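A closer look at the structure
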Amino acid sequence: MPTRSSLITLILLLAAVSLTGCVYSREIAQTRRDLERHYPEADFDRQIIINLGPRSLHTFGWLAGLAPEDEAQMARDYLYEIDRVKVGIYQVDSMPDLDDFDPPSIRRFERDGWEVAVKAQEDDGVVWVLYRERYDQVRDIYAIVLSDEELVLARVKGHLNRLLEKVMDDHYRIHEFVDELEIGYR
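In short, a report on the structure. (Residues numbered from 1 in each chain as written. Predicted model: local features only at pLDDT ≥ 70, side-chain atom pairs only at ≥ 80, totals over all residues. Heavy atoms only, no water.)

A word on the overall build of the protein
Per the secondary structure count, the protein includes six helices and six strands. Ordering the α and β elements of the protein from the N terminus gives α-α-β-α-α-β-α-β-β-β-β-α. Within the protein, the proportion of its 186 residues that are buried is 33%. In the protein, once contacts between residues fewer than 6 apart in sequence are set aside, the share between residues at least 24 apart is 62%. Here the protein displays about 12000 Å² of accessible surface, and carbon together with sulfur accounts for 54% of that area. (Helix = DSSP H or I, 4+ residues; strand = E, 2+ residues; numbered from the N terminus. Buried < 20%, exposed > 50% of the residue type's maximum accessible area, 1.4 Å probe, protein only. Contact = heavy atoms within 4.5 Å. Areas by Shrake-Rupley, 256 points an atom, 1.4 Å probe, with all protein chains shown as cover.)

This is the structure in structure tokens:
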């Protein structure tokens, strides 16, 4: 059972994290304005914007590391590779024509060197994943997801090559473990 002092410490820690500038992201808000300017028929109403920096992410990683579960330990390791996460969620009040929706054509994405990694379109929405390299390493990923109901903008900055390597190693290790379990039950 947690002691009173550990609960107070946890509450103070969470308060400190919430006061480290993790409430709003001008970049995400600007991307929304750029989309509305580029697509005049579009109208997106802000629901939430979150900006988590290294202190917040490392604190969450530290807290995850306190849990004994393997998944929590993996989350801790992943969070240490991420420097910043920015997310904006907007309600779609007026939807642009998806056939013409091409976020990379917005000047700031072109100017800042973003490349398209994935574009997936279905009847009710579209997903764009953009990335940017620095010194032959993926350092930024920007996801734009637009459906009939919402627009989600997310940017992740960090050591994303290392993060992907960790994810793949963990995935491989988990599948190897499951295969061993299945062999043991035969």
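Picking up after the structure, the text goes on.
As for a negative patch on the surface
Among the surface-exposed residues, Glu 122, Asp 123, Asp 124, Asp 148, Glu 149 and Glu 150 lie close enough to one another that they form a single negatively charged patch. Among the structural elements, Glu 150 can be located in strand E6 (residues 150-158). (Patch = residues over 30% accessible without salt bridge, like charges linked within 9 Å, V, L, I, M, F, W, Y side chains within 5 Å. Salt bridge = Lys/Arg side-chain N within 4 Å of Asp/Glu carboxyl O. Lys, Arg positive; Asp, Glu negative; His and termini not counted. Charge placed at Lys NZ, Arg CZ, Asp CG, Glu CD.)

Some details on unusual backbone geometry
In this model, Tyr 135 sits at a positive phi of 55 degrees, which is unusual for a non-glycine residue. Along the polypeptide, Tyr 135 turns up in the loop between strand E4 (125-134) and strand E5 (137-147). Exposure remark for Tyr 135: the relative accessible area of 75% places this residue in the exposed category. The phi dihedral of Asp 136 is positive, around 60 degrees, even though this residue is not glycine. Examined against the element boundaries, Asp 136 turns out to sit in the loop between E4 and E5.

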